[in-house]
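# Chain and residue survey
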Amino acid sequence: MDEVRTETRGRVLEIMLDRPKANAINAATSQALGAAFRRLAEDDALSVGIVTGGGARFFSAGWDLKAAAEGEAPDADQGIGGFAGLTEYWDLKKPVIAAVNGMALGGGFELALAADMIVAAEHAEFALPEATIGIIADAGGVIRLPRRLPRAIAMEMIMTGRRASAAELARWGLVNEVVPADRLMAAARALAERVAAAAPLSLQAVKEVDRASEGLSERAAYEITRAGGLEIYGRIYDSEDAREGIASVTEKRAPVWKGR
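The structure presented is a predicted model; accordingly, all values stated were derived computationally and were not measured.

This paragraph deals with unusual backbone geometry. Backbone torsion omega between Pro20 and Lys21 reads 10°, so that peptide bond is classified as cis. Along the polypeptide, Lys21 turns up in the loop between β2 (12-17) and α1 (27-42). Backbone geometry places Asn23, a non-glycine residue, at a positive phi of 55°. Looking at where Asn23 falls in the secondary structure, it is placed in the loop between β2 and α1. Here Asn23 falls in the buried class, since its relative accessible area comes to 1%. With a phi angle near 65°, Ala84 is a residue other than glycine that sits in the positive phi range. Overall, the relative accessible area of 0% leaves Ala84 in the buried class.

This is the structure we're talking about:
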């Protein structure tokens, strides 16, 4: 059985991490996940990705500590997107939804944090336990979580390893939707389809602007957006899709996107 499997549904690429018992991630798994996300990036027929885990207990337990004990170094080659194939995939301009089917621990939580949206099963739990075993959540946890939660809450989770429920993180706005486990993929697919209904170039331009302006003041964000260095944003208003979108409104019909 392949540890990383993909399936297309219309303009959505589903990526399944299925590595029993805990969907732990070693360097080879990161490379396989990165290859799947690269397929999303490069295939013009795809607009959105969903990443989920196999089984009902774990989304992912994070770094494969067995592999680490056997000698795999923390700086082993993780492939194109860094750990878990996504945490450092800076050039990926297509949206990704994490469908968290169970516990997202350590690097598993960091994989979910690297996604743009999170749909979680009711029983899912999230934690960064690295500090309790003498390491650090350096695949995005210590960087992304304080930017997504109130700092005090994020620091408590990072420094104590406390587990948070899907419902708690939804209250903080980190999780988009919490659903019964048997509805998880239906909910993630419904969200992906709503996203994929938007113009492909618009989706990519949103991610491009968001990433380029992250951490900047409003004025600086405007300046970098207007400076002309953003490739996709720079051609969005002259694109066929922009003309098609405006025509579809005036003609009262659904748009037919071409992604150009």
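What follows deals with the packing of helix α3 (residues 107-114) against helix α4 (residues 141-148). Viewed as axis vectors pointing N to C, α3 and α4 meet at an angle of 55°, and their least axial separation amounts to 10 Å. In terms of orientation, α3 and α4 fall into the oblique class. Once α3 is placed against α4, the crossing between them reads as left-handed. Across the interface between the two elements, Phe109, Glu110, Leu113 and Ala114 from α3 touch Gly141, Arg144, Leu145 and Arg148 from α4. Residues of the contact of α3 with α4, tallied by class, amount to four nonpolar, one polar and three charged.

Okay, a nonpolar patch on the surface next. Judged by side-chain polarity, Leu65, Ile133 and Ile135 come together as a nonpolar surface patch covering roughly 270 Å² of accessible area. Relative to the helices and strands, Leu65 is located in helix α2 (residues 65-69).

Here we take up the nonpolar core. Membership of the largest hydrophobic core comes to 45 residues, with the highest contact counts inside it found for Phe37, Val100, Phe109, Phe126, Leu145 and Leu169. Only β2, α1, β5 (96-100), α3, β7 (117-121), α5 (151-160) and α6 (166-171) provide two or more residues apiece to this core. The element that contributes the greatest number of residues to this core is α3, accounting for five residues. Setting aside anything within four residues of it in sequence, one finds Val100 in contact with Phe59, Ala112, Ile118, Val119, Ala120, Ala121, Ala124, Phe126 and Leu184. Among the nonpolar cores identified, the runner-up in size contains 16 residues, and Ile97, Ala99, Ala188 and Val195 belong to it.

What counts, and where the lines are drawn
Sequence order sets the numbering: in each chain, residues are counted from 1 along the sequence as written. Only residues with pLDDT of 70 or above have their local features reported here, since the model is predicted, and side-chain atom pairs are shown and tallied only from 80 upward, although totals for entire chains, interfaces and linings are computed over all residues. With hydrogens and water stripped out, all remaining heavy atoms of the structure feed into the side-chain values. By the criteria applied, helices consist of DSSP H or I runs no shorter than four residues and strands consist of E runs no shorter than two, each listed in order from the N terminus. Partly exposed residues are those whose accessible area sits between 20% and 50% of the maximum for their type, while under 20% is buried and over 50% is exposed, using a 1.4 Å probe and protein chains only. For every element, the axis is a line fit to its C-alpha atoms; helices are fit only across the contacting stretch, and the angle between N-to-C directions ranges from 0 to 180 degrees. Working definition: roughly parallel below 35 degrees, roughly antiparallel above 145 degrees, roughly perpendicular at 65 to 115 degrees, and oblique for all remaining angles. If you view the pair so one helix is near and one far, a crossing is left-handed when the near helix is turned anticlockwise from the far one by less than a right angle, and right-handed when it is turned clockwise. Here, two residues are considered to be in contact whenever any of their heavy atoms come within 4.5 Å of each other. Gly is put with the polar residues, along with every residue not named as nonpolar or charged; the nonpolar set is Ala, Val, Leu, Ile, Met, Phe, Trp, Tyr, Cys and Pro, and the charged set is Asp, Glu, Lys and Arg. What goes into a patch is any residue over 30% in relative accessible area without a salt bridge, connected to like charges within 9 Å or, for nonpolar side chains (Val, Leu, Ile, Met, Phe, Trp, Tyr), within 5 Å. Note on areas: Shrake-Rupley with a 1.4 Å probe; residue coverage comes only from the protein chains shown. The term salt bridge refers to a pairing of a side-chain nitrogen on Lys or Arg with a carboxyl oxygen on Asp or Glu at a separation within 4 Å. The term nonpolar core refers to a set of buried residues drawn from Ala, Val, Leu, Ile, Met, Phe, Trp, Tyr and Cys, joined through side-chain atoms within 4.5 Å.

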